[in-house]
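# Structure assessment
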Amino acid sequence: MSISSSLFSGISGLSTNGNAMSVIGDNIANVNTLGFKASRTTFQDVLAQSVATASGTSQIGRGSALSTVDTLFQQGSFESTSVATDLAIGGNGFFIVSPMGEETEYYTRAGQFRFDADGWFVNPEGYVAQGWALDEDGNDVGTIQDIQLSAFTSPPEATDTLTAITNLNMEDTSNADSLFDAWDATADETIGDANYGYQTSISVYDSLGNSHDITIIYDKIDASSEYAAGVTDLENTWEYIIVSNPDDDLRAGMAGTTAQGILMRGTLTFDATSGALESQSAFVYDGTGDPTDPASWVQATSFSTDGYPQFSAEFVAGVPQVISTEFGARSTNGAWTGGAATVDDIAADGLPTSTWEPQALTSTQYASASTTVYQTQDGYGTGFLESVSVGTDGVISGNYSNGQILNLYRVAVAKFNNQQALTKVGGSLWAETRESGDAITGHPGENGLGSIAPNSLEQSNVDIATEFVKMITTQRGYQANSRVITTVDDMLQELINLKR
């Protein structure tokens, strides 16, 4: 074996330690790079040379070579931010991004995303994050796609349920024989304050998102009431009418009549012992007769799926709007049994009955001032996007000015069977290779994929102390290998000096 082979062993040591120092330098340079994963080098010896010795054949090493440069994918620490679209992955997985207008996909741990002027959900380099569009129930629609907000408004939803829970003062007395007769849509004051005991109002919405005030007017009945002949418990029964602004009532036959604006009428009967709502009756206009004639007001013909009687309004011309009324008791059979078919039949047939079941939150008749305990409706007008938020499941939700929170997209994450085989392409991005296998995509937090941490960014996982220690050992290794070369040079010089 030639002594000069030691030179090449030294050179191999210089090369491998030089590469190791390059890796250390890259790690330190990226100590503040979002989502950066540190690398490490491992060395291996090269093929040894066999030499003859007194004891037989032995081997002498030929130096070192770079074995691998591995990426360390352990979790980096999180930095909290005030930006809702700053995302970090807690656990395994990568965000999927794609250059605008291309089908190429890259993978990253850096979740510094923003919505650009055109609504694309992009990182600082303009790559679009990938995910699933969601329906109103939060279910995925179609396949993974570019995330883009294409609509910044929330469409209106017409009201179809109206809830009014009240306490009506049991000590009140009747103010009018008929709220229906006291209502006059043609007068400047549709109903005087002296003609009822209590009223409560709530705004509802039509199919175009317009708001309309609905008022429920209550009055206790007595023996002179138009309902008295059909009531068996005068002390605990109230009549009611549900009305709108007459100008908003566009139902056929109503225009110009005193009854315009009355949507439903009927009675509420309370339990004499508990004070809870026990039963009710409900009458609506039949749409054909004279709306001022009691004979044209028939039993509500429909109930909601939950067993609440419904009326039909028409706030948009030609668009009937069915609304159920919830006072706190529901019909378990969704039908009337016996009793009057119209208000005009009450004297002969009594009020219609049903099988009523009080709810946990119900209207009451207590010896205290009449008041509205709770009221709500399920419609809303047009809303404009005010902000977005992201959940740990990756769901991007839009918060709209009409109070709606709508599911928009779900951010997709991916993992690989062999993530060490991913190749770096710069910009904190990785690309898949044949050795890494295909990306396995899924929802955050499922199937071994990490959860999303909103308002957070994952920092570099580089440990400065570790890198400095590696720098010292690598520097000494490089220095020692350079000393091998200079020493071999001195030995060669001695060899040459044998010939004077």
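As a starting point, this report considers the structure included with it.

Calculation rules
Residues numbered from 1 in each chain as written. Predicted model: local features only at pLDDT ≥ 70, side-chain atom pairs only at ≥ 80, totals over all residues. Heavy atoms only, no water. Pairing = 2+ DSSP bridges. Helix = DSSP H or I, 4+ residues; strand = E, 2+ residues; numbered from the N terminus. Axes fitted to C-alpha atoms, helices over the stretch in contact; angles between N-to-C directions. Salt bridge = Lys/Arg side-chain N within 4 Å of Asp/Glu carboxyl O. Buried < 20%, exposed > 50% of the residue type's maximum accessible area, 1.4 Å probe, protein only. Expected span 1.5 Å × (residues − 1). Contact = heavy atoms within 4.5 Å. Polar contact = N/O pair within 3.5 Å; in protein donor to acceptor, adjacent residues only side chain to side chain. Parallel < 35°, antiparallel > 145°, perpendicular 65-115°, else oblique. Left-handed = near helix turned anticlockwise from the far one by under 90°. Core = buried A, V, L, I, M, F, W, Y, C linked by side-chain atoms within 4.5 Å. Phe/Tyr/Trp six-rings, centres within 6.5 Å; stacked < 30°, edge-to-face > 60°.

Moving on: the sheet that holds strand 23 (residues 319-326). Spatially, four strands are ordered 22-23-15-26 in an open sheet, and the strand pairing comes out mixed. Only two strands of the sheet have a single neighbouring strand rather than two, namely strand 22 (310-316) and strand 26 (371-377). Ignoring strand direction, the axes of neighbouring strands in this sheet form an average angle of 25°. Across six bridges, strand 15 (residues 161-167) lies against strand 26 in antiparallel orientation.

The next subject is the pattern of salt bridges. Following the criterion strictly, the structure yields eight salt bridges and no others. Linking Arg 114 and Asp 86 is a salt bridge whose minimum nitrogen-to-oxygen distance equals 2.7 Å. Of this pair, Arg 114 sits in strand 10 (residues 114-115) while Asp 86 sits in strand 6 (residues 86-90), and the two are 28 residues apart along the sequence. Residue Asp 86 is classed as buried on the basis of its relative accessible area of 3%. Of the charged contacts in the structure, one is a salt bridge between Arg 265 and Glu 226, with a shortest N-O distance of 2.5 Å. Of this pair, Arg 265 sits in strand 19 (residues 262-270) while Glu 226 sits in the loop between strand 17 (211-220) and strand 18 (237-244), and the two are 39 residues apart along the sequence. Within the structure, one salt-bridge network assembled from shared partners comprises Lys 37, Arg 109 and Glu 458.

When the terminal C-alpha atoms of helix 4 (residues 464-496) are compared, their 48 Å separation across 33 residues agrees well with the 48 Å that a helix rising 1.5 Å per residue should span. Looking at helix 4, one finds that the buried residues are Glu 467, Thr 474, Gly 477, Asn 481 and Val 488. The secondary structure elements touched by the buried residues of helix 4 are helix 1 (5-29). A distance of 3.1 Å separates the backbone nitrogen of Ala 465 from a side-chain oxygen at the start of helix 4, and that oxygen is part of Asp 463.

With that out of the way, let us pick up the packing of helix 1 against helix 4. Direction vectors running N to C along helix 1 and helix 4 enclose 160°, while the axes themselves pass 9 Å from each other. The pairing of helix 1 with helix 4 is recorded here as roughly antiparallel in orientation. Classified by chirality, the crossing of helix 4 by helix 1 is left-handed.

Moving on, we get to the nonpolar core. Ranked by size, the top nonpolar core spans 30 residues in total, and within it Ile 214, Tyr 218, Tyr 240, Ile 242, Met 264, Phe 311 and Phe 327 carry the most contacts. For this core, the element with the most residues is strand 19, which contributes four residues. Excluding its chain neighbours within four sequence positions, the residues that come into contact with Phe 311 are Ile 242, Leu 263, Met 264, Val 284, Gln 321, Val 322, Ile 323 and Thr 325. In terms of nonpolar packing, the next biggest core, distinct from the first, is built from 23 residues, Phe 95, Val 97, Val 390 and Ile 452 among them.

Our next topic: the packing of aromatic side chains. Summed over the entire model, instances satisfying the criterion amount to 15 aromatic pairs. An angle of 45° between the planes, with centres 5.5 Å apart, marks the rings of Phe 73 and Trp 430 as tilted. In this pair, Phe 73 sits in the loop between strand 4 (64-71) and strand 5 (78-80) while Trp 430 sits in strand 32 (residues 429-431), placing the two residues 357 residues apart along the sequence. Taking relative accessible area as the criterion, Phe 73 reaches 17% and is therefore assigned buried.

For a regular strand, side-chain orientation follows a simple rule: the groups alternate between the two sheet faces. Sheet topology note: the strand 12 (residues 128-134)/strand 29 (residues 405-411) ladder contains three bridges and is antiparallel. What sits directly across from Ala 133, in strand 29, is Tyr 409. Pairing geometry for strand 28 (residues 395-400) and strand 29, over five bridges, is antiparallel. Residue pairing across strands places Asn 399 opposite Ile 405, the latter belonging to strand 29.

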